[in-house]
Amino acid sequence: MTPIRLIKGFATVGGWTLASRVLGFVRDAWIAAVLGTGPAAQAFIVAFSLPNMFRRFFAEGAFNTAFVPMFSKKYEAGDDAEGFARDAFAGLASLVLVITLIAQVAMPWLVLAMASGFRGDERFDLAVLYGRIAFPYILFISLAALASGVLNATGRFAAAAAAPVLLNLIFIGALAGAMALQSDPLMGFDPGLAITWAIPVAGIAQLALVWWAAHRAGITLRPRLPRFTPEMKHLAIVAAPAMLAGGVVQVNLLVGRQVSSYFGDAVAWLYNADRLYQLPLGVVAIAIGVVLLPDLSRRLKANDTAGARHSFSRATEFALALTLPSAVALVAAAVPLTAVLFERGRFGPEDTAATALAVAVYGIGLPAFVLQKTLQPLFFAREDTRSPFNYALISMVVNAALAVGLAFVVGYIAAAIATSVAAWVMVWQLWLGSRSMGEAARFDDRLRSRAPRIIAASLMMGAVVWFAQIPLAPMIGAAGWRYLGVLLLVAIGVVSYFGLGALIGAFKLSDFTAAMKRQR
């Protein structure tokens, strides 16, 4: 077996994801400044969420959790992996094309399902218009996700990880063009409409990039009529529970958006808070999910139990070492981070306060979101998609009960509280369910020793960041200095965490550099 370099894979995916998220911040901060939290901003958020919701349901969430382990095993065994990938490509394209056509007709009902609070005001008509333009993105990005799964299963991570960068570059270019033309009364173009049209264009660009990369890797995904072969039937059987589980996750998102749509500008507040905590979540969780699943699948196929345990333990250690300090920092510094990143133009101080509260609540759930990405591959690598589905159902009930029940008491923030609590409930269930999987699902001695120290280092860093805000407050509050002030705050957090962590033995830098240089 040619092993995947686990930490190097994390670094490759994480690095490109970080670039994408930084550009995403530029995009979201600019959109917030131009559109504020008003009708156009909220309509765009709902329209953009629709294809992304279905994408996670059909492609990245469900289809790939079934496809990647099966493709990885065929690739490892030399069993016509390319033919299998072509059949899957054709089947997925046909399914998503039908969904896209239905969605164009059903868009008003889809918008109401996402945000019934829009009914009867200008947000509804805008969201329907934007939604019809944006929805074809699901076709291109779903096929791009499958091509990315092919690349990841063969140990090639760069192109798939770089693809989202194109999305944000195209967004930024569209917004810049719209703003330039807006000053011309003859050529004026609505910024909201411009960034909505950028969505399907970005999907085409992402698909082109990963298709070409897969072709260069020796897997050419040619369009053809779908065939329901025995392998496709098995893929559908394995994927079905994962699709249902993906549907449960999307129901959680729908509940939160429905609740927030009844509280003024809360849709935009929660969206911007989501974008902030998605930075560490995306960098770490996406890297782990992309790299760990094919690695575990191939190791289990080769009966390499020790290697599978090592991969699981290192992925969890990597997740904790980067996610816990990020979570603590989001709670400790939610207000200055939100103010510096978003407060400008039509995004005012009241928006900052409401968004920062959601950031802190999401921060509490951040480690749970990432740990799910280390625990779920234990099931998916064994083609067990039913257990995560059952766990997701329970989490859905918890999320809905808290979001709706607490909304009458604490308002819009109930949606964020429910999301974080449900995430921890999901982790607890996954952990219990994995106890019967033997040594491959056990933490090794190194992780058991280091995990408490990582927690301690993160909490100490949080205290340092909290108190550092006092002397830095004047700088963070000054218009010309606030960027430098928040950069200093972040630098203080990074230095204190890695310094304290190394001092108490939470990690060693040499472990990461060595893992980048060798294969296991």
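What you see is a predicted model; the values in this text were computed from it and never measured.

### Details of the overall build of the chain
Logical step 1: Along the chain, the regular secondary structure elements total 17 helices and 0 strands.
Logical step 2: Counting across all 520 residues of the chain, residues that qualify as buried make up 58%.
Logical step 3: Long-range pairs, those at least 24 residues apart, make up 84% of the contacts in the chain with a sequence separation of at least 6.
Logical step 4: Accessible area of the chain: about 20,700 Å², with a carbon and sulfur share of 70%.

### Some details on the packing of aromatic side chains
Logical step 1: Scanning the model with the defined rule gives 11 aromatic pairs in all.
Logical step 2: Ring geometry for F44 versus F171: centroids 6.0 Å apart, planes at 85 degrees, classification edge-to-face. Of the two residues, F44 sits in helix α2 (residues 39–77) while F171 sits in helix α6 (residues 158–182), which places them 127 residues apart along the sequence.
Logical step 3: A network of ring pairs unites the aromatic residues F44, F48, Y137 and F171 as a single cluster.
Logical step 4: Positioned over the ring face of W431 is R435, at 3.5 Å from the centre of the ring.

### Points about helix α5 (residues 137–153)
Logical step 1: For α5, which comprises 17 residues, the first-to-last C-alpha distance of 24 Å matches the rise-based estimate of 24 Å (1.5 Å per residue) to within 8%.
Logical step 2: Extensive coverage of α5 is indicated by the burial of 16 of its 17 residues.

### Regarding the pattern of salt bridges
Logical step 1: Inspection of every chain in the model, using the stated rule, returns 10 salt bridges.
Logical step 2: For R450, the salt bridge is made with E317, and the minimal N-O distance between the two is 2.9 Å. Residue R450 is located in helix α15 (residues 445–477), and its partner E317 is located in helix α10 (residues 305–332); the two are separated by 133 residues in the primary sequence. E317 matches R450 in its accessibility class, with the two residues each being buried.

### Examining the nonpolar core
The nonpolar side chains of soluble globular proteins are, as a tendency, buried together.
Logical step 1: By size, the foremost hydrophobic cluster in this structure holds 77 residues, and its most contacted members are L50, F67 and F71.
Logical step 2: The greatest single-element share of this core, amounting to 16 residues, is contributed by α2.
Logical step 3: Setting aside anything within four residues of it in sequence, one finds L50 in contact with M107, L110, V111, M114 and F135.
Logical step 4: Ranked by size, the runner-up nonpolar core spans 65 residues in total, among them F369, Y391, A457 and F507.

### Some words on the side chain of K74
Logical step 1: Among the secondary structure elements, K74 is positioned in helix α2.
Logical step 2: Since its relative accessible area comes to 11%, K74 is described here as buried.
Logical step 3: Here the side chain of K74 touches E231 through a polar contact of 2.2 Å, side chain to side chain.

### Regarding the confidence of the model for the chain
Logical step 1: Per-residue confidence for the chain averages 81 on the pLDDT scale, and 85% of its residues sit at or above 70.
Logical step 2: The low-confidence segment residues 515–520 (pLDDT under 50) makes 11 contacts with residues lying over four places distant or belonging to another chain.

### Some remarks on the packing of helix α12 (residues 349–380) against helix α14 (residues 413–433)
Logical step 1: At a minimum axis separation of 8 Å, α12 and α14 run at an interaxial angle of 25 degrees. Taken together, the axis directions place α12 and α14 in an arrangement best described as roughly parallel. Between α12 and α14 lies a crossing whose hand is left-handed.

### Things to note about a nonpolar patch on the surface
Logical step 1: Nonpolar side chains collect at one region of the surface, where L322, V490, V494 and F498 lie side by side and expose about 310 Å² of accessible area between them.
Logical step 2: With 3 residues, helix α16 (residues 482–503) is the single largest residue contributor to the nonpolar patch.
Logical step 3: Structurally, F498 is set in helix α16.

What counts, and where the lines are drawn
Residues numbered from 1 in each chain as written. Predicted model: local features only at pLDDT ≥ 70, side-chain atom pairs only at ≥ 80, totals over all residues. Heavy atoms only, no water. Helix = DSSP H or I, 4+ residues; strand = E, 2+ residues; numbered from the N terminus. Buried < 20%, exposed > 50% of the residue type's maximum accessible area, 1.4 Å probe, protein only. Contact = heavy atoms within 4.5 Å. Areas by Shrake-Rupley, 256 points an atom, 1.4 Å probe, with all protein chains shown as cover. Phe/Tyr/Trp six-rings, centres within 6.5 Å; stacked < 30°, edge-to-face > 60°. Lys NZ or Arg CZ within 6 Å of the ring centre and 35° of its normal. Expected span 1.5 Å × (residues − 1). Salt bridge = Lys/Arg side-chain N within 4 Å of Asp/Glu carboxyl O. Core = buried A, V, L, I, M, F, W, Y, C linked by side-chain atoms within 4.5 Å. Polar contact = N/O pair within 3.5 Å; in protein donor to acceptor, adjacent residues only side chain to side chain. pLDDT = per-residue confidence, 0-100. Axes fitted to C-alpha atoms, helices over the stretch in contact; angles between N-to-C directions. Parallel < 35°, antiparallel > 145°, perpendicular 65-115°, else oblique. Left-handed = near helix turned anticlockwise from the far one by under 90°. Patch = residues over 30% accessible without salt bridge, like charges linked within 9 Å, V, L, I, M, F, W, Y side chains within 5 Å.

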